[in-house]
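# Overview (structure and organization)
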Amino acid sequence: MAENYDFKQVEEKIIKFWEKENVFKFNPNKKGQVYAIDTPPPTVSGKMHIGHAFSYSQQDFLARYHRMKGDNVFYPFGTDDNGLPTERLVEKTKNVHAKDMSREDFIKLCMEFLKEELPRFIHGWKRIGVSSDFDIYYSTINEHSRRISQWSFLDLHKKNRIYRKDAPAMWCPECQTGVSQVEIKDKEIESTFNTIIFKVGKENIKIATTRPEFLPACVAIFYHPDDKRFKSLKGKKAKVPLFDFEVPILEDKRADPEKGTGIVMCCTFGDQTDMEWQKAHNLPIKEAITPNGKMSELAGKYNGLNIKEAREKIIHDLKDAGLLTEQKKISHFVNVHERCGKEIEFIKSKQWFVKYLDLREDMLKWGAKLKWHPEFMKTRYDNWVKGLQWDWLISNQRYFGVPFPVWYCKKCGEAILAEEKQLPVNPLKDKPLKKCKCGNNEFIPEKDILNTWFTSSMSPQIAIKLMPDSIQKNLFPMALRPQAHEIITFWLFNTVFKSNIHFGKNPWENVMISGFVTLEGEKMSKSKGNVVEPSEVIDKYGADALRFWAAGSRLGEDLDYQEKDLVTGKRFITKLWNASNFVFMNLKDYNHKKPKKIEKIDELFLIKLNSLIKNCTEHFEEYEYSKAKSEAEKFFWSMFCDNYLEIVKKRIYENKENKESAQYVLYHSLFSILKLMAPLMPFITEEIYQLYFKNPKNSSNFGTQKTSGFLGNEKEKSIHISQWPSFEKEGKTDELDLFIEILSKVRQEKTKAQKSMKAEIILSIEKENMKKLKDILGDLKDVTNAKEIKEDSFKVEFV
């Protein structure tokens, strides 16, 4: 065994070993419990970030545990490579713009790019030790996924859950696409409340707004019916400043008397309330902003300006006209597109929607049936459901993605859906199998693509349908959905909705929600320049140290990235390596047989180990991997290394007659500790297993020479498919606890006297303790190097 552990050489070697030996391959013919994981397909948008390494390590802890427990683990791997993130990556990497190319040429470029990029991208996940069966692979843009996504659209349409409507919808001018409620987030921005004068006859009324560029789209003025300040204005009309047209002044309870001046303009469309007012009062629709974020012809001389330019120019002109009375700096929250961070607008356009606002009560029931880990994350799901305001907009005006299986009749405009046997279809190339009801045979293809979450929300079916029909029923519902908390509203919610509508059941039994990674308390982001690259961390500390850090956070909690935690992980690896070195140096003559008699001190230590195994097993069952890590780490450092190794050292060195008992316990306790740590630190544990525990007759050459002369006896080709350690009923270890307490006090006395731990002493202990420790006094004598143990009050005398 090498003196030092070289993680760089070992980790790449072990990745190749796992692949060659198909260690993590799912066996569809294996009998017993299946543990199916709905693996999150990472978005192909560039490099893996530290948040990926954090959350994917945590889900892998559970996959490896269940595999060792004996479950048949179905752990596929996919990549989310359709839609805007991949489109933008291709544009950036290839230095092109999708809008300047034909759609067909751009899609071809994207597919070629993915073919080049995916092997390197996927290797990043292998480097952090993800134990997926990479042969069960899917891409959310491949033919298989497109077929399932389009089938979902047809099935939802059949169940009257799909509709197309020309209506105001949230729109991103930056990405030039419609966005759904799930794709927006709140962002706090600095803005200005501008108090503007509107004329009502000869009277002036003051209205405060942060969006003066909406003046040309003003359709009404509203005040609260209980607000006496404006009662005299009821039924009158106000002249819009700069644009000189009149709008009605109306009452509505949605006007907030405390906001601004208490009276507000309604424009089409500034926000959700404007949309509600327009519908409730049957107001006209005026579109002042175009889909590309410019002012429309309605804006007159401001036509063609972008939103910011128009705002500044209009404010300037209001000042010149004496119509701006006050400007007040404020900070408020606005809706932004989660993909680009730009403010969203409301644009009237034809879009496809999924109808689900009528199912709120059902959605809450579906969420309640899931087992949430941690449980408090269910609140985020519930709050999202209760706050839903929109049906799900699923059409995106982009180039690269899964197309709608839809055409429109050129004559009557009727939407024509593809037939299931045609799927997947590309409406730009393919044609419907039948004529329109009106008899026409000419069609206009739908050019929009399905929102990427529409496809991703079918991930259970996309993965399961890669398997033979005969076993698909054993995989659904799946056992686990692991994911980050920020996409509960994106991925989890929509998958639950679709599964219940399509199949009448939840898609999984358990959901496992991970937290964020922060740096000095702040969420990492490229714009802040505080991003940590996991590849650099692995190069410096190794994947096991990175996973050790990830295991330090309780599930669902955010974790601050601190390099000292990686140093601690590396230190643990070094200690595990050195302890294993020591153990096997002293097992050269071990015969793998259980001795007829296990010494009392060894028996007590095994009882302690049994308690550790029981606790760690229970923690993993409850998805509390951090507790398992904490207890196993503490046991290894304190009980195994600091105490037990020292207790048996003399017995082994001096070749005493009870040496076999110590060897037996050393072998089995180290093996159990390795197994407990294997889900968390798969590389170091595999290396030690291959070097010493595995019988060389049962494997091909692993590539590392053994130097101890010890031959292993284990049959499994990898520690990760060996049996999880079992435990028995817990026993008492009072004598061992007292033994270690006295040993600690002796060590303290030697340290205080600045003596070596090997210094010979005469030890005195109380009569009662002498009696309690009568069966293990010889071990106490050995480990403290006591020439004699006397009955008296505690005292250490140096010889």
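It should be noted that the structure appears before, not after, this text.
Quick summary incoming for the structure in this document. Just so you know, the residues in each chain are numbered from 1, in the order the chain's sequence is written. With the structure being a predicted model, the display of local features is reserved for residues of pLDDT at least 70 and the display and counting of side-chain atom pairs for 80 or more, all residues being used for whole-chain, interface and lining totals. As a rule here, side-chain values cover all heavy atoms of the structure and leave hydrogens and water aside.

Bringing the packing of helix H14 (residues 534-541) against helix H16 (residues 563-585) into the picture now. Orientation is described by axes fitted as lines to C-alpha atoms, over the contacting stretch for helices, and by angles from 0 to 180 degrees between their N-to-C directions. Strands here mean DSSP runs of E at least two residues long; helices mean DSSP runs of H or I at least four residues long; both are numbered from the N terminus. One way to put it is that H14 packs onto H16 with a least axis distance of 11 Å and a crossing angle of 40°. When the axes of H14 and H16 are compared, the pair comes out oblique. Crossing of H14 over H16 shows right-handed handedness. Residues Val537, Lys540 and Tyr541 of H14 touch H16, and the partners they reach there are Glu563, Leu566, Val567 and Lys570. Here the nonpolar group is Ala, Val, Leu, Ile, Met, Phe, Trp, Tyr, Cys and Pro; Asp, Glu, Lys and Arg are the charged ones; every other residue, Gly included, is treated as polar. For the contact of H14 with H16, the class distribution of residues is 4 nonpolar, no polar and 3 charged. Any angle between 65 and 115 degrees counts as roughly perpendicular, while under 35 counts as roughly parallel, over 145 as roughly antiparallel, and the rest as oblique. Crossings are assigned a handedness: left-handed for a near helix turned anticlockwise from the far helix by less than a right angle, right-handed for a clockwise turn. In this analysis, two residues are considered to be in contact whenever any of their non-hydrogen atoms come within 4.5 Å of each other.

Time to look at the state of the cysteines. When the sulfur atoms of two cysteines come within 2.5 Å, that pair is taken as a disulfide. Taken as a whole and judged by the stated rule, the model has 0 disulfides. As a non-bridged cysteine, cysteine 172 has cysteine 340 as the owner of its nearest cysteine sulfur, 3.5 Å distant. Here cysteine 641 stays unpaired: no disulfide links it, and the sulfur of cysteine 616, its closest cysteine neighbor, is 15 Å away.

If DSSP finds at least two bridges between two strands, the strands pair. With respect to topology, 3 strands assemble into an open sheet ordered S15-S23-S22, the strand pairing being parallel. On the outer flanks of this sheet lie strand S15 (371-373) and strand S22 (478-484), each paired with one strand and no other. Pairs of neighbouring strands in the sheet enclose a mean axial angle of 20°, with direction left out of account. Here S15 pairs with strand S23 (residues 508-514) via 3 bridges, running parallel. Each bridged residue has a counterpart across the sheet, and for lysine 371 the counterpart in S23 is asparagine 510.

Another aspect to go through is the nonpolar core. In these notes, a set of buried Ala, Val, Leu, Ile, Met, Phe, Trp, Tyr and Cys residues joined through side-chain atoms within 4.5 Å is what counts as a nonpolar core. Here's how the labels work: a residue is buried when its accessible area is under 20% of the maximum for its type, exposed when over 50%, partly exposed in between, all with a 1.4 Å probe on protein chains only. Ranked by size, the top nonpolar core spans 201 residues in total, and within it Phe74 and Phe640 carry the most contacts. In terms of residues, this core owes the most to one element, helix H18 (residues 625-653), which gives 14 residues. Excluding residues that lie within four positions of it along the chain, phenylalanine 640 makes contacts with Ala579, Val583, Phe605, Phe635, Leu645, Leu666, Ser669, Leu670 and Ile673.

Moving on, we get to the pairing of strand S12 (residues 263-267). Within S12, 4 of the 5 residues are buried, which leaves it mostly tucked inside the rest of the structure. In terms of strand pairing, strand S9 (residues 218-223) meets S12 through 5 bridges, oriented antiparallel. When the bridges of S12 are listed, tyrosine 223 appears paired with isoleucine 263.

Before going further, it helps to spend a moment on the environment of lysine 25. With respect to the helices and strands, lysine 25 occurs in the loop between helix H1 (7-20) and strand S1 (34-36). For the pair lysine 25 and glycine 569, spaced 544 residues apart in sequence, the C-alpha to C-alpha distance is 29 Å. Within the structure, the side chain of lysine 25 is placed 3.4 Å from the side chain of aspartate 135, a separation counted as a polar contact. Whenever two N or O atoms come within 3.5 Å, that pair is a polar contact, provided that in protein one can donate a hydrogen and the other can accept it, and provided that, for residues adjacent in sequence, both atoms are side-chain atoms.

Note on aromatic pairs: the rings of Phe, Tyr and Trp (six-membered ring only in Trp) are paired at centre separations within 6.5 Å, and the planes decide the class, stacked below 30 degrees, edge-to-face beyond 60, tilted for the rest. Using the criterion set out here, one finds 48 aromatic pairs in the structure. With 5.5 Å between their ring centres and 50° between their planes, phenylalanine 54 and tryptophan 549 make a pair best called tilted. Here the residue phenylalanine 54 occupies a position in helix H2 (residues 50-69), and tryptophan 549 occupies one in helix H15 (residues 543-550), the gap between them amounting to 495 residues. According to the relative accessible area criterion, tryptophan 549 is buried, its value standing at 2%. On the numbers, 5.0 Å between centres and 55° between planes, the contact of tyrosine 667 with phenylalanine 693 is tilted.

On to unusual backbone geometry. A cis amide bond links histidine 373 with the next residue in sequence, proline 374, at an omega value of -5°. Looking at the element boundaries, proline 374 is found in the loop between S15 and helix H9 (378-386). Going from leucine 423 to proline 424, the amide bond is cis rather than trans, its omega being -5°. Examined against the element boundaries, proline 424 turns out to sit in the loop between strand S19 (415-417) and strand S20 (443-445). In this model, asparagine 95 sits at a positive phi of 55°, which is unusual for a non-glycine residue. Look at glutamine 754: it is not a glycine, yet its phi comes out positive at around 55°. One can find glutamine 754 in the loop between helix H21 (734-752) and strand S27 (761-765). When its relative accessible area of 74% is taken as the criterion, glutamine 754 is described as exposed.

Let us look at the sheet that holds strand S26 (residues 559-560). One open sheet accounts for 3 strands, arranged S25-S24-S26; its pairing is mixed. For this open sheet the edge positions go to strand S25 (522-523) and S26, each flanked by a neighbour on one side alone. In this structure, strand S24 (residues 517-519) lies alongside S26, joined through 2 bridges in parallel fashion. Looking at the pairing, threonine 518 lines up with aspartate 560 of S26.

Within S22, 7 of the 7 residues are buried, leaving the element largely enclosed by the surrounding structure. The pairing of S22 with S23 spans 6 bridges and is parallel. Of the residues in S23, the one forming a bridge with arginine 481 is valine 511. Call a crossover right-handed when, viewed with both strands pointing away from you, the route from the first strand across the helix to the second goes clockwise. A crossover connection joins S22 to the parallel S23 through helix H13 (residues 488-503); in handedness this β-α-β unit is right-handed.

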